[in-house]
Amino acid sequence: MESVTQFSGKVVPLAVADVDTDQIIPARFLKTIEKLGLGKNLFHDWRYLADGGPNPDFIVNRPRAKGGTILLAGDNFGCGSSREHAPWALMGHGFKAVISTSFADIFRNNCLKNGLLPIVVDEAAHGELFAAAEADEDCRVSVDLARRTLRLPSGREVEFPIDEFSRKCMLEGGDQLSYIQQQMGAVEAYERAAPNVLNTL
Amino acid sequence: MSKPRTLFQKIWDEHVVVHEAGAPAVLYIDLHLVHEVTSPQAFQGLRDRGLKVRRPERTMATMDHSIPTTDRALPILDPIAAKQVEQLRINCREFGVPLADMGMEDQGIVHVIGPELGLTQPGFTVVCGDSHTSTHGAFGALAFGIGTTEVEHVLATQCLLQDRPRTCEVRFEGAAPDGVVAKDLILALIARIGIGGGTGHVLEYAGEAIRALTMEGRMTLCNMSIEGGARAGMVAPDDTTFEYLAGRPKAPQGAAWDSAVERWRKLPSDAGAVFDRTETVDAAGLEPMITWGTNPGMGVGVTQPAPEPNGNPGIRKALDYMQIEGGKPLLGRPIDVVFVGSCTNSRISDLRLAAGVLRGRKVAPGVRMMVVPGSEKIKVQAEAEGLPEIFKAAGAEWREAGCSMCIAMNGDQLTPGQYCVSTSNRNFEGRQGKGGRTFLASPLTAAASAVEGAVTDARRYL
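All values derive from a computational prediction rather than experimental measurement.

Engineer: Teacher, can you tell me more about the packing of aromatic side chains here?
Structural biologist: The final tally for this structure, using the stated rule, is 16 aromatic pairs over all chains. Aromatic side chains phenylalanine 165 of chain A and tyrosine 179 of chain A sit 5.0 Å apart centroid to centroid with 65° between the ring planes, which places their arrangement in the edge-to-face category. Placement of phenylalanine 165 of chain A in helix 6 (residues 164-172) and of tyrosine 179 of chain A in helix 7 (residues 176-182) is noted, with a sequence separation of 14 residues between them. Residue classification places tyrosine 179 of chain A among the buried residues on the basis of a relative accessible area of 11%. Here the aromatic rings of phenylalanine 139 of chain B and tyrosine 244 of chain B are separated by 5.4 Å at their centres, their planes lie at 65°, and the arrangement is edge-to-face. Of the two residues, phenylalanine 139 of chain B is situated in the loop between strand 6 (125-128) and strand 7 (142-145) and tyrosine 244 of chain B in helix 9 (residues 239-245); the sequence distance between them amounts to 105 residues. An aromatic cluster is present here, built from Phe43, Trp46 and Phe58 of chain A joined pairwise through their rings. Directly above the ring of tyrosine 244 of chain B sits arginine 248 of chain B, whose terminal nitrogen or CZ lies 3.8 Å from the centroid. A cation sits over an aromatic face here: arginine 333 of chain B above tyrosine 419 of chain B, 4.9 Å from the ring centre.

See the structure below:
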């Protein structure tokens, strides 16, 4: 994945809690064997009307969302299906980060492995961000991954949690598979040492 | 004496290959299940890096999501689905991965065939690019869904990077009343803790109502752990587990079986083992459950009213989508479709429950009922028991094995506005077809509702 360090961007507020990955990208778009080209299907059934035209009321279609790179989402974003097509679609559309009070486990893992930054903030910062986004259509925030901080429009900085390993991989554009590959000596030793457990298959 | 450990902790400890400071644990994976939808990009990743599948014998592939459930002799009409299915064949051939292809006797929904073949065993780590991998926890395995990048990691190394989750014991106290089955237990739990309530946790189900469940019931229960947000769900192995596994093709045989059972008997959580959290559900006080909204946590007892919004935007949005009124029970509400199937409820005992209600009865006029067995083997078993005749005589459709209308990728889908009582696991907006509306329930409730053409309390049909 590409390295991520600091960036700032316009906030796109999606004030819905418990957005499941079926909403992020409906299952009928998972028949592809590619990772690319999924951005157009992001939030498909909320974003397009029955005639296929854009739903003008949906936040991602509104003029204010143009150029927005940071999705501000409700609690428990990304629940449900494990489809990695969800972060692929968000990134394909141009999002670099999603801010919420909480993320579903598999979705969060999938984001971190693709360089889409899941930023967890507390309820106070979450509320402040939604209020700022309501007051200002050009509401922007800045992310500093090295310092694990998010600068809110008010100028206030909040820290967000991210595990050290994922942070390092994102900062350096590092590859998690190569880390496991470096451990293959230990894996082979493990397989030799645990024959009773492993030989049942 | 060593410190008492939970079932989860024992499996975790046994599978950590290496755990360096500042990095997640490298966890060894005993069994990797693969299907057509979440694997093509992972196999392409291997190709791009010039890597092999490290342990093909610990890997098993099948096709289930994109495939039609109509006559297997016919070609797949959707060219994109056909290409995806063909790509899995190419990938399995090229990388030496065993494949239960369409038309083969082992084919079926990935979470149905793993246990059926005896691949899923107590104490294992099991992963698949599918959130319902939690199903396999029914055997006392640590089983969870992963993304496609992680599928590639496991294909290449047989390992996965994992942070240790927290543990939660979920006790179901008392015996479940008649008409309350595994599906109702898990829907009741999720209604209680919410769809994010289990995030970051592995659930261990315990208590009288869990011990009384068959393996198929335990699979239904563990299957929907993810709908409570949990990383995994598990049930400690016992004689019920061993009886189910004995003699299955991939289970240990002879002396190896005896020594495996001896090891498996040491897996249950030790007395005094400490969980990070505990939840208790009064199983004896439950009634059949049904969901009224657009996530699996939006469920109530079938005689209870759906909630009123009272200013809650999530409830308001769900009631609007479902076009139902808060404050009233769903009982008697007309339905269009009934779906019996999915990795949650497509096993032989589920089909028997549905058939038991339908025997000598008819599906209500104007209602479409689909029965989709979870695997080829279940289909054959059901045929041997005469179940398809009961379904067909009642006016229901009897179809080929696959995920079908649980995920509506294969053409089996609701039309906009239709109401469906479904034994599947997700009632998300559009999950069963764009604009479709889903009421999740047990096979008993689904079959009884098919007969009445409306949401029904199945206890009247026992």
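Picking up after the structure, the text goes on.
Engineer: Looking at this model, I keep getting lost on the interface of chain A and chain B. Mind explaining?
Structural biologist: Often the size quoted for an interface is simply the accessible area lost on bringing the parts together. Chain A puts 56 residues into the contact, and the matching count from chain B is 69 residues. Buried surface at the junction of chain A and chain B, summed over both partners, amounts to about 5,100 Å²; 58% is from carbon and sulfur atoms. Interface area lost by chain A to chain B is led by Lys31, Ile33 and Leu201 of chain A, which between them contribute 15%. For the pair chain A and chain B, the number of links is seven salt bridges.

Engineer: Please explain the domain arrangement of chain B as it appears in this structure.
Structural biologist: Residues and elements named next belong to chain B. What the domain assignment lists for chain B is domain 1 (7-162) and domain 2 (289-461). Using C-alpha coordinates to define each centre, domain 1 is positioned 28 Å away from domain 2. On the side of domain 2, 23 residues touch domain 1, which itself brings 24 residues to the contact. In total, about 1,900 Å² of surface goes out of reach between domain 1 and domain 2, with carbon and sulfur atoms giving 56% of it. Put simply, domain 1 and domain 2 have one salt bridge between them. Residues lysine 377 and aspartate 106 are paired through a salt bridge, measuring 2.5 Å at the closest nitrogen-oxygen approach. Here domain 1 and domain 2 share 12 residue pairs in polar contact (both at pLDDT 80 or more) between them. Considering every element that reaches the side of domain 1 that touches domain 2, the biggest residue donor is helix 4 (residues 110-117), with five residues.

Engineer: Is there a simple way to think about the sheet that holds strand 12 (residues 277-282) of chain B in this case?
Structural biologist: Sheet strands line up and pair through hydrogen bonds in the backbone, either parallel or antiparallel. All names here are of chain B. Read across the sheet, four strands follow the order 11-10-9-12 without closing on themselves; strand pairing throughout is parallel. The open sheet is flanked by strand 11 (232-235) and strand 12, the only strands paired with a single partner. Strand-to-strand, the axes of this sheet are offset by a mean angle of 25°, without reference to chain direction. Two strands pair when backbone bridges link them, and strand 9 (residues 166-173) and strand 10 (residues 201-206) are joined in this way by six bridges, in the parallel orientation. In the strand pairing of strand 10, cysteine 168 is matched with leucine 203. Strands strand 9, strand 10 and strand 12 of the sheet are contacted by helix 6 (residues 182-193), whose axis makes an angle of about 125° with strand 12. Here helix 8 (residues 215-223) sits on the sheet and contacts strand 9, strand 10 and strand 11; the angle it forms with strand 11, its principal contact strand, is near 155°.

Engineer: How should the nonpolar core be read in this particular structure?
Structural biologist: Generally speaking, a soluble globular protein has its nonpolar side chains buried in company with each other. Formed by 166 residues in total, the largest nonpolar core has its most connected members in Phe43, Phe77 and Leu90 of chain A together with Phe172 and Tyr205 of chain B. Ranked by residue count, the leading element in this core is helix 6 of chain B, at eight residues. Looking at which domains feed residues into this core, each of domain 1 (7-162) and domain 2 (289-461) of chain B supplies at least three. Not counting the four nearest positions on each side in its chain, phenylalanine 43 of chain A is found in contact with Leu14, Val19, Gln23, Ile24, Phe58, Val60, Leu71, Phe77 and Leu90 of chain A.

Engineer: Help me out: how do you make sense of the sheet that holds strand 18 (residues 419-422) of chain B in this one?
Structural biologist: Residues and elements named next belong to chain B. Sheet architecture is open: five strands sit in the order 17-16-15-18-19, paired in parallel fashion. Each edge of the open sheet is held by one strand with a lone partner, namely strand 17 (397-398) and strand 19 (437-440). As judged from the two bridges shared by strand 16 (residues 368-371) and strand 17, these two strands associate in the parallel manner. By the bridge assignment for strand 17, methionine 370 is matched with glutamate 397. Lying over the sheet, helix 15 (residues 443-452) contacts strand 15 (337-340), strand 16 and strand 18, oriented at roughly 150° with respect to strand 15.

Engineer: Honestly, helix 5 (residues 148-157) of chain B in this entry has me stumped. Any pointers?
Structural biologist: Each turn of an α-helix holds 3.6 residues, which means side chains three or four residues apart point in the same direction. Residue and element names in this part refer to chain B. Summarising burial for helix 5: 10 of the 10 residues are buried, a large majority. Within helix 5, burial applies to Thr148, Thr149, Glu150, Val151, Glu152, His153, Val154, Leu155, Ala156 and Thr157. Taken from the residues just after helix 5, glutamine 158 is the one with a positive phi, measuring 65°.

Engineer: Can you help me understand the pattern of salt bridges in this one?
Structural biologist: A side chain with one charge can pair with a side chain of the opposite charge if their charged atoms come near. Residue and element names in this part refer to chain A. In the structure shown here, the tally under the stated rule is 45 salt bridges over all chains. Two residues, glutamate 172 and lysine 168, come together in a salt bridge whose shortest N-O distance is 3.8 Å. Of this pair, glutamate 172 and lysine 168 both sit in helix 6, separated by four residues, roughly a single helical turn. Overlapping salt bridges, with partners in common, bring together Asp144, Arg147, Arg151 and Glu157 in one network.

Engineer: Help me understand the packing of helix 6 of chain B against helix 8 of chain B, please; the structure alone is not making it clear to me.
Structural biologist: When two helices pack together, their arrangement is given by the angle between their axes and by how far apart the axes lie. Residues and elements named next belong to chain B. Contact geometry of helix 6 with helix 8 gives a least axis separation of 8 Å together with a crossing angle of 25°. Between helix 6 and helix 8, the crossing angle belongs to the class labelled roughly parallel. For the pair helix 6 and helix 8, the crossing hand works out as right-handed. Facing Ala182, Lys183, Leu185 and Ile186 of helix 6, the residues of helix 8 in contact are Gly217, Thr220 and Leu221. Looking at side-chain class alone, the contact of helix 6 with helix 8 contains four nonpolar, two polar and one charged residues.

Engineer: In this structure, what is going on with helix 13 (residues 376-384) of chain B? I would like to understand it.
Structural biologist: Residue and element names in this part refer to chain B. Within helix 13, the full set of buried residues consists of Glu376, Ile378, Lys379 and Ala382. The arc that holds the buried residues of helix 13, viewed along the axis, is 160°, so those residues lie on one side. Exposed residues on helix 13 whose side chains face more than 90 degrees from its buried face are Val380 and Ala384. Packed against the buried residues of helix 13 are helix 4, helix 12 (348-358), helix 14 (387-394) and strand 17. After helix 13 finishes, the residue glycine 386 shows a positive phi value of roughly 80°.

Calculation rules
- Residues numbered from 1 in each chain as written.
- Chains lettered and ligands numbered in written order.
- Predicted model: local features only at pLDDT ≥ 70, side-chain atom pairs only at ≥ 80, totals over all residues.
- Heavy atoms only, no water.
- Phe/Tyr/Trp six-rings, centres within 6.5 Å; stacked < 30°, edge-to-face > 60°.
- Helix = DSSP H or I, 4+ residues; strand = E, 2+ residues; numbered from the N terminus.
- Buried < 20%, exposed > 50% of the residue type's maximum accessible area, 1.4 Å probe, protein only.
- Lys NZ or Arg CZ within 6 Å of the ring centre and 35° of its normal.
- Contact = heavy atoms within 4.5 Å.
- Buried area = accessible area lost by both parts, 1.4 Å probe.
- Salt bridge = Lys/Arg side-chain N within 4 Å of Asp/Glu carboxyl O.
- Domains from an automatic or database assignment.
- Polar contact = N/O pair within 3.5 Å; in protein donor to acceptor, adjacent residues only side chain to side chain.
- Pairing = 2+ DSSP bridges.
- Axes fitted to C-alpha atoms, helices over the stretch in contact; angles between N-to-C directions.
- Core = buried A, V, L, I, M, F, W, Y, C linked by side-chain atoms within 4.5 Å.
- Parallel < 35°, antiparallel > 145°, perpendicular 65-115°, else oblique.
- Left-handed = near helix turned anticlockwise from the far one by under 90°.
- Nonpolar A, V, L, I, M, F, W, Y, C, P; charged D, E, K, R; others polar.
- Arc of directions from axis to C-beta.

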